[in-house]
Structure formats: structure tokens, C-alpha cells
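A closer look at the structure
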Amino acid sequence: MPIRQRKKSVAYSTASQLSFLDAASRHSGPPFPNLADDVNECVEDDVLFPQYLNVDDDKEDRLDITNFDRGVMENERRVSAGSALSRTVSKQSRLYGETKLEGTGSAEFRYCIYSGHKEGGTTFVQQLVSTEGRQALEKMLETPGWWLDCLNTTDDEMVVLSKLFRIHALTVEDIEANEPCEKIDLYPNYTFVCFRSFELDPHGNQLWPYTFYNLIFKEGLISFHYKSSLHPARVRHRLNQIKQHLTIVPDWINYALIDDITDSFAPVIRQVEMESTSIDELSLVLHKAERTDMLKRIGRCRKHATHLSRLLTTKLDVVKSLMKRYEEKWHRQGGYSALVDQSLTASQDEAIEHKALNEVLLYLGDVQDHLVTMILSISHCNRILSRAHTNYLAQVNVDLSMTYRETNAVMNRLTFMGVVFIPTLFIAGLFGMNVRVPGKEYLDYAFFFWIVLIMICYSVLLTYFGKKWKVL
């Protein structure tokens, strides 16, 4: 049965629902009077999604602002009444514990609503669940090509947004758990894209990655992230420059955000290339006293190269999957035949969307080429650093061998000196004992000089042979 013709189904029987609610009410007691409604709501959100009612096709994909009001009222009711049951704890929270997200200042706007219409502008909102937030959302939904950028969304705001835009429970779990996996998921009413960027620590020179979660709807895009970033501002500036000449569609906004994130890797990769080239040239020409910091430089550069390689490899898979989805959609809409002959399209809006889809495919191919080039550059840098590390260790081994050789030469000299002087000292010790020794009865110095002459001749002879044998 097609998705558009499906009705809201029942996951379990009425008797099972009543027995479960009765048991939960007996355990919960009077402080939770609205427990049955909460249980039904949680079951519908987690099990019965997508909630397709028996409505007309033209109303099915249309977003209704009344869902926003219903989500706000349900959230207020839950906060005021309390609930004994809650949503399932996320996988990341179960494995690693709760993660405390980075807070934002009171003066920072956490929500930015951008209109891709030619006369549209940008609206900044601090609190989404407010009168100002509702008015901004209602105005946003009037025209296509909108973009809602969300920073540090709270759980209550996520519930309201999931009600308004019919976001799947699995998507909500990935966003709230700050899932680091880069991927693309296809849902009936939107496409979910995870794409990671990074923040460069100016003090420690560290790379701190964070994730953008993009939800591509038919008429707009929603992006979630939990760290302040310059990417949305740069993308809005780019869209403002081209929206007078090009129709802004959600796929184009998603491409612009992916392209800006990809371009942010270029300066860091260029820095790694320059550092690796410098290390490769200096690893063999530096003197011993100048190579003390070389090993730290090699380790630091290889760490950055490995981190960049890990971030870029998964991006290539995401872009390929996204291009495959767009190519299938492109062929379903007629391909180049529909682009040349606009009579094959049903309406002018579909012709504009078809043309924009062709542009997005071309530009995504350019992003894919950039990613392939960056990955090849990082792989080349890794090979250079590996060779430089090997050369450095070989140079260190040569220096150690030279040191061992010098040490052995000194030990040989000391050993030979011992061979020369130990026998003479032994003879001197014998004649210096406090007992009767040969030659003591001679009162002249002839016997003494003969002994000294013999020891001198012995030392000179051994020294001659030591020079000849190159021991000394």
C-alpha cells in the first residue's frame, strides 16, 4: 500500500492498552492524573510514526502551525502535571552517561529563521516557545525556501518542533544524543543528513569536531547544532547574494552548508602539508642539537593528519549517497529531456525545482572532487610523515652508533693503559714491601736504576705496539 494511503494504525489491542494503563496508574498513584494521555502520546511518537491521517494528498505535506500550539500545550501540561514515564534513554546516554551541552549566553540568539524569497529576510529569535517564536514560524511557513537554524535546542523545544514538522523519533534521538556518526537517512517527508565540522583551538592547536543535523523538507530546511559556528552566517551571506538570480530550494541550502564546512578544512590541510614538507626536508639536515623538538613536531602533525582523515573519509560517503538520491530524483522527473523541453513538467514550479536540482547535482560533484583531493592530500602527508619519522629514527640510530663507537674506542684506550701500567705497578709494589727483597744489600743506586729502566722499556715497547695496532 502506498505511504500516502496509509492510516494511523493501532500497535496493540485495546485490552492490552487498558491493562497497561491500569497497572501504571496503580503504581503511579494520585500525583499523575494525566498518565494515560502521556502513555498514549509516547506510544504514538515512538511506535506509530509516521502519523498519516486519511486526508487529501494536497494537505498531507503541508505543515500546520496548530501543531505548534498543540505541542506547546502538551509540553506545559507535562511540566505542570509531571509524568512517571518518559522516553527511552538514548543509546549514547546509556553507554557514556548524560552529556552536558555547551551553554550559550543570554544575549546570543539561538534560532535564526531565513527566508529564501527575494523579498524575504532573516529573523533572530532567542526563545522558540514564545509568542515571538510562533509568529516567526508562522511567517516562515507562508513561503517556500525557508531555513530554520537551531542552536542548543532544549528537550521541550525539540518536542514542539517534532510535533510541528513531524520529525521521526529516531531522528530526535540522534539529535538529542548528539550522535557523531555522519550519515544520510531517508524518511517519508524529509531527508536527514549528518555532517561534521570542527573548531580549531587557537591555544592548544587541537581539533574539536561537532555535528550539523540537517532535515531537508520539501519547502525548507532545518539545521541543528550544539556549538556556535560561523558556517550558518557565511551561508546566509552567500544566499543573499544569489537569491536575486536563482530560486532558493532546500537542497541548495543543504549544499551550501556542506560546501562551507568542506571549505573550512582547506586551511588546516594546507598547514599540515607545509608542516609535513618542512619536517621531511629538515629530518636529515638538522644537527644533533637541533633535532630535540623534531619528534614532537612529527607526532603533532601526524595526529592532525589522522584526525582530518577520519573526518573527511565519512563525508565522501555522505556526499555520494546524497548525489545518488538526487540522481534518482532527477531521472524520475525526466532528466535532461525535461530540462530542455519544459512542456514535460507539470507546472512552472516543478520546472524551476528541476533546474535547481540539476544545479545542486553539479555543485555536489564539485564538493565530491574537493573531498577526494583533500583525502589524497592527507594520505600523501601521512606517507611523507611516515618516511620522515623513519628517516629521523635512522638518523638517531646512526648518532647512537657513532656514540657507541667513540665509547668503545675510549674503553679500548683505558684497557690498553691498564695493560701498560699494571705490571709496572706490580713490580714497584713487590720491591716496596717492608720485608727483605733482592738488591737490598746493595748501597748504590745501580740496582734501582736497572729496575726503572726495565719498566720504562716495557712501557715504551707496549706503547709502540699500541700505536701500530691503532689502539692508542
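Above this note sits the structure.
Quick look at the structure, then. (Residues numbered from 1 in each chain as written. Predicted model: local features only at pLDDT ≥ 70, side-chain atom pairs only at ≥ 80, totals over all residues. Heavy atoms only, no water.)

**Brief notes about the overall build of the protein chain**
- Summing up its helical and strand segments, the protein chain has 15 helices and 7 strands in all.
- Looking at the protein chain as a whole, 39% of its 472 residues are labelled buried.
- Summed over its atoms, the accessible surface of the protein chain is roughly 27500 Å², and 58% of this surface lies on carbon and sulfur atoms. (Helix = DSSP H or I, 4+ residues; strand = E, 2+ residues; numbered from the N terminus. Buried < 20%, exposed > 50% of the residue type's maximum accessible area, 1.4 Å probe, protein only. Areas by Shrake-Rupley, 256 points an atom, 1.4 Å probe, with all protein chains shown as cover.)

**Quick notes on the packing of helix H7 (residues 155-165) against helix H8 (residues 169-176)**
- Put simply, H7 and H8 touch, their axes get as near as 11 Å, and they point 155° apart. Classified by the angle between their axes, H7 and H8 sit roughly antiparallel to one another. By crossing handedness, the relation of H7 to H8 is classed as right-handed. Along the contact surface, H7 presents Asp155, Met158 and Ser162, while H8 presents Val172, Ile175 and Glu176. (Axes fitted to C-alpha atoms, helices over the stretch in contact; angles between N-to-C directions. Parallel < 35°, antiparallel > 145°, perpendicular 65-115°, else oblique. Left-handed = near helix turned anticlockwise from the far one by under 90°. Contact = heavy atoms within 4.5 Å.)

**Here we look at the packing of aromatic side chains**
- One pass over the full model with this rule turns up 18 aromatic pairs.
- Between Tyr255 and Tyr363 the ring centres are 5.3 Å apart and the planes differ by 40°, which places this aromatic pair in the tilted class. Taken together, the residues span a long stretch of sequence, with Tyr255 in helix H10 (residues 250-263) and Tyr363 in helix H14 (residues 348-431) at a distance of 108 residues.
- Exposure remark for Tyr255: the relative accessible area of 2% places this residue in the buried category.
- On the basis of relative accessible area, Tyr363 is assigned to the partly exposed category, the value being 32%.
- Site record: aromatic cluster; members linked through ring pairs are Trp146, Phe165, Tyr187, Tyr190 and Phe217.
- Here Lys315 stacks its cationic end above the ring of Phe195, 5.1 Å away from the centre of that ring. (Phe/Tyr/Trp six-rings, centres within 6.5 Å; stacked < 30°, edge-to-face > 60°. Lys NZ or Arg CZ within 6 Å of the ring centre and 35° of its normal.)

**Observations concerning the sheet that holds strand E7 (residues 220-225)**
- Taking strand neighbours across the sheet as the criterion, the 7 strands line up as E2-E1-E3-E7-E6-E5-E4 in an open arrangement whose pairing is mixed. Looking at the sheet topology across the chains shown, the edges are occupied by strand E2 (122-125) and strand E4 (184-186). Across this sheet, the average inter-strand angle for adjacent strands is 20°, counted without regard to direction.
- Pairing analysis gives 4 bridges linking strand E1 (residues 111-115) to E2, with the strands arranged antiparallel. Note that in E2 the partner of Tyr114 across the bridge is Thr122. (Pairing = 2+ DSSP bridges.)

**Comments concerning unusual backbone geometry**
- Located in the positive-phi region is Asn152, a residue other than glycine, with phi close to 55°.
- Taking relative accessible area as the criterion, Asn152 reaches 10% and is therefore assigned buried.
- Positive phi outside glycine occurs at Arg166, with the angle close to 55°.
- Along the chain, the position of Arg166 falls in the loop between H7 and H8.

**A closer look at the environment of Leu357**
- Among the secondary structure elements, Leu357 is positioned in helix H14.
- Residue classification places Leu357 among the buried residues on the basis of a relative accessible area of 3%.
- For Leu357 and Tyr326, which are 31 residues apart along the polypeptide, the C-alpha to C-alpha distance reads 7.3 Å.

**Describing a nonpolar patch on the surface**
- The grouping of Phe426, Ile427, Leu430, Phe431, Met433, Val435, Tyr442 and Phe447 at the surface amounts to a nonpolar patch, some 730 Å² of accessible area in total.
- It is H14 that contributes the most residues to the nonpolar patch, 4 residues altogether.
- Examined against the element boundaries, Ile427 turns out to sit in helix H14. (Patch = residues over 30% accessible without salt bridge, like charges linked within 9 Å, V, L, I, M, F, W, Y side chains within 5 Å. Salt bridge = Lys/Arg side-chain N within 4 Å of Asp/Glu carboxyl O.)

**Observations regarding the nonpolar core**
- Formed by 56 residues in total, the largest nonpolar core has its most connected members in Leu239, Phe265, Leu308, Leu312 and Tyr326.
- When contributions to this core are tallied by element, the ones reaching two or more residues are strand E5 (191-200), strand E6 (207-216), helix H9 (231-242), H10, helix H11 (265-282), helix H12 (294-332) and H14.
- Sequence-distant contacts of Leu239, defined by excluding residues within four places in its chain, comprise Tyr114, Trp147, Ile248, Trp252 and Ile253.
- Within the second largest apolar cluster, 32 residues are counted, among which are Ala136, Leu141, Cys150 and Cys194. (Core = buried A, V, L, I, M, F, W, Y, C linked by side-chain atoms within 4.5 Å.)

**A word on the pattern of salt bridges**
- Going through the model one piece at a time under the given rule, you end up with 10 salt bridges.
- Among the ionic pairs, Glu138 bridges to Arg134, the shortest N-O distance being 3.0 Å. Separated by 4 residues within a single helix, Glu138 and Arg134 lie in helix H6 (residues 131-140), roughly one turn from each other.
- Residues joined by salt bridges that share partners form a network here, namely Asp174, Lys183 and Asp185.

**Here we look at the pairing of strand E3 (residues 146-151)**
- Counting buried residues along E3, 6 of its 6 residues qualify, which places the element largely inside the surrounding structure.
- Burial of E3 is two-sided: the residues Trp146, Leu148 and Cys150 facing one way and the residues Trp147, Asp149 and Leu151 facing the other way are all buried.
- Relative to E7, E3 runs parallel, the two sharing 6 bridges. If you follow Trp147 over to E7, its bridge partner there is Leu221.

**Some remarks on H6**
- Those residues of H6 that fall on the buried side of the exposure criterion are Gly133, Ala136, Leu137 and Met140. For H6, the arc enclosing every buried residue in end-on projection is 100°, short of the 170-degree limit, so these residues lie on one face. Along H6, the residues that are exposed and aim more than 90 degrees away from the buried face are Thr131, Gln135 and Lys139. (Arc of directions from axis to C-beta.)

**Notes on helix H15 (residues 446-468)**
- The end-to-end C-alpha distance of H15 is 33 Å, a good match for the 33 Å that 23 residues give at a rise of 1.5 Å each.
- Within H15, the full set of buried residues consists of Ile451, Met455, Ser459, Leu462 and Gly466.
- In the stretch just after H15, Lys470 is the one whose phi turns positive, near 60°. (Expected span 1.5 Å × (residues − 1).)

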